[in-house]
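If you want the building blocks of each chain, they are given just below.
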Amino acid sequence: MRMYDLIQKKRNGGILLPEEIHYMIQGYMTEEIPDYQMSAMLMAIYFQGMNEEETLNLTLEMAKSGDLLDLSSIEGIKVDKHSTGGVGDKTTLVLAPMVAAAGIPIAKMSGRGLGHTGGTIDKLESFPGFTTSLPEETFIHNVNSIKLAISGQTANLAPADKKLYALRDVTATVDQKSLIAASIMSKKLASGADAIVLDVKTGSGAFMKTKEEAVALAKTMVCIGNRAGRKTTAVISDMDQPLGYAVGNALEVKEAIETLKGNGPKDLTRLCIVLGSHMLFNAKAVDSLEKGEELMQQTLTEGIALKKLAELVHAQGGNEQAVYDTSLLPSAAIQEPVYASLDGCIEKIYTDEVGAASLLLGCGRTTKDSTIDLSAGLILHKKTGDSVKKGDIIAVLHGNDTSKIAAAKDRLLKAFILGRRASGTFPLIRGVVTE
Ligand code: URA
């Protein structure tokens, strides 16, 4: 077999056979296939696409390129959750303790990633002492004893994805549905859960800007998961404005704690209840989504999900007192309000610009080696449709550097469109894909 022939076949619209995909991924990992040939293949896939079979085979090969986590020593059906990401998305911090409090084992591997804020494991590092690099035995022991562990991805989890993603990033081939689906699902399959719930976001703060694109990606990922023998559901959720009010690592942890106390923003609370009910349903813990929702609500009302978060923090070496006294979490030296410039209402929020403002404050990474300011971020005081008077606070920026705050303020002002009439908001849950 020759990579040249495979590139030509795909360029001409052909279908790659399982053994050809195997050869391509294996050869790329052993460096027999160089970056320049793989780049040409990625561009051919970008234009010609891949069918369902090819996408599944690519995902399986990528998953098999490294360690496959064996969770068989954990009792019960293990359910994983993945979000395609958005601004203010602190769902895992709330949802994982809720589902674990309902008795379902959560063995979660999370990435750090690049972006406007850190990933879930960066956020969890806001708890003083918290460690996210757990040896496999500790990870499994913790899930067996408290039903919950959240660890950083091991270096050898789907290494083909790491290599391919780095290449896609510099060859303008990231935004291709089959490549995105294979990238996400290879990591999910290698992480070993029996069932998967995907939160696919759509809107101005999401990767998928339109609902149609989000549904198409969701269908591809659900099909891969189900065909790989993992019961998979995708919830399409709105990211046309930030989720909740807090954006930034420690600030999001504080909002997650308020949500676990039952005082959280309505959108975040509702999304966690809906995703949680699908997780319980896929784990066969309930026979209807309504029962799942009731059970999820109960974990908040009875305070058992909050207690579960404290158990998680303790089990991973952190100071669990910070769950009950959030003044122990990092906080920024400077808080700078941003004011409305006229009477009216918030017509629209360009959510990706809110993300860009938080990146300027130092909440996220621009390269994989950047350091994150866990205390930085912003709290929105107004969201789409809210009325404002000139001089009202629309947001408060938290930071430690006046020049970063000034740059973020300019950016945030551009994110808010003030006018006479709001353009309307989308429903939080925009669809569910099960097959
Ligand atoms: N997230 C991933 O893990 N991979 C992609 O390709 C896009 C988003």
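Each remark here, short or long, concerns the structure printed above.
Everything numeric in this text was worked out from a predicted model, so none of it was measured.

Draft legend 1. Representation of the side chain of Asp89 within the structure. Within the fold, Asp89 resides in the loop between β1 (79–83) and α5 (91–101). Among buried charged residues, Asp89 stands out as having no salt bridge; its nearest opposite-charge side chain is Lys201, 4.1 Å away. A distance of 2.6 Å separates polar atoms of two side chains, one belonging to Asp89 and the other to Ser83. A distance of 2.4 Å separates the side chain of Asp89 from the side chain of Thr91, its partner in a polar contact. Not counting chain neighbours up to four residues away, the residues in contact with Asp89 comprise Ser83, Lys123, Lys201, Leu243 and Glu252.

Draft legend 2. Inspection of the environment of Gly119 at higher detail. With respect to the helices and strands, Gly119 occurs in the loop between β2 (106–110) and α6 (120–124). Classification of Gly119 as buried rests on a relative accessible area of 13%. The spacing of Gly119 and Leu280 is 161 residues in sequence and 24 Å in space, taken between C-alpha atoms. The contacts of Gly119, once residues within four sequence positions are left out, are Gly111 and Arg112.

Draft legend 3. A look at the packing of helix α9 (residues 177–190) against helix α10 (residues 211–227). Running from amino to carboxyl end, α9 crosses α10 at an angle of 40°, the nearest separation of the two axes being 9 Å. Judged by the inter-axis angle, α9 sits oblique to α10. Here α9 runs over α10; the crossing is right-handed. Along its contact with α9, which presents Lys177, Ile180, Ala181, Ala182, Ile184, Met185 and Leu189, the element α10 presents Ala216, Leu217, Thr220, Met221, Ile224 and Gly225. Among the residues forming the contact of α9 with α10, the class breakdown is ten nonpolar, two polar and one charged.

Draft legend 4. Focus on helix α16 (residues 351–361). Among the residues of α16, Thr351, Val354, Gly355, Ala356, Ala357, Ser358 and Leu361 are the ones counted as buried. Buried residues in α16 make contact with β6 (246–247), β8 (344–349), β9 (377–380), β11 (393–399) and α17 (402–415). Once α16 ends, the next one or two residues include Gly362, with phi positive near 100°.

Draft legend 5. Quick peek at the packing of aromatic side chains. Throughout the structure, instances matching the rule amount to two aromatic pairs. Geometrically, the ring pair formed by Tyr46 and Phe47 is edge-to-face, given 5.3 Å between the ring centres and 85° between the ring planes. You can call Tyr46 partly exposed: its relative accessible area is 28%. Owing to a relative accessible area of 63%, Phe47 belongs among the exposed residues under this scheme. A ring pair is formed by Phe127 and Phe130, whose centres lie 6.5 Å apart and whose planes are at 40°; its orientation type is tilted. The class for Phe127 is buried, based on a relative accessible area of 1%. Using a relative accessible area of 7% as the deciding quantity, one classes Phe130 as buried. One Lys or Arg, Lys383, reaches over the ring of Tyr245 and ends 5.1 Å from the middle of that ring.

Each value, and the rule that gives it
Residues numbered from 1 in each chain as written. Predicted model: local features only at pLDDT ≥ 70, side-chain atom pairs only at ≥ 80, totals over all residues. Heavy atoms only, no water. Helix = DSSP H or I, 4+ residues; strand = E, 2+ residues; numbered from the N terminus. Buried < 20%, exposed > 50% of the residue type's maximum accessible area, 1.4 Å probe, protein only. Lys, Arg positive; Asp, Glu negative; His and termini not counted. Salt bridge = Lys/Arg side-chain N within 4 Å of Asp/Glu carboxyl O. Polar contact = N/O pair within 3.5 Å; in protein donor to acceptor, adjacent residues only side chain to side chain. Contact = heavy atoms within 4.5 Å. Axes fitted to C-alpha atoms, helices over the stretch in contact; angles between N-to-C directions. Parallel < 35°, antiparallel > 145°, perpendicular 65-115°, else oblique. Left-handed = near helix turned anticlockwise from the far one by under 90°. Nonpolar A, V, L, I, M, F, W, Y, C, P; charged D, E, K, R; others polar. Phe/Tyr/Trp six-rings, centres within 6.5 Å; stacked < 30°, edge-to-face > 60°. Lys NZ or Arg CZ within 6 Å of the ring centre and 35° of its normal.

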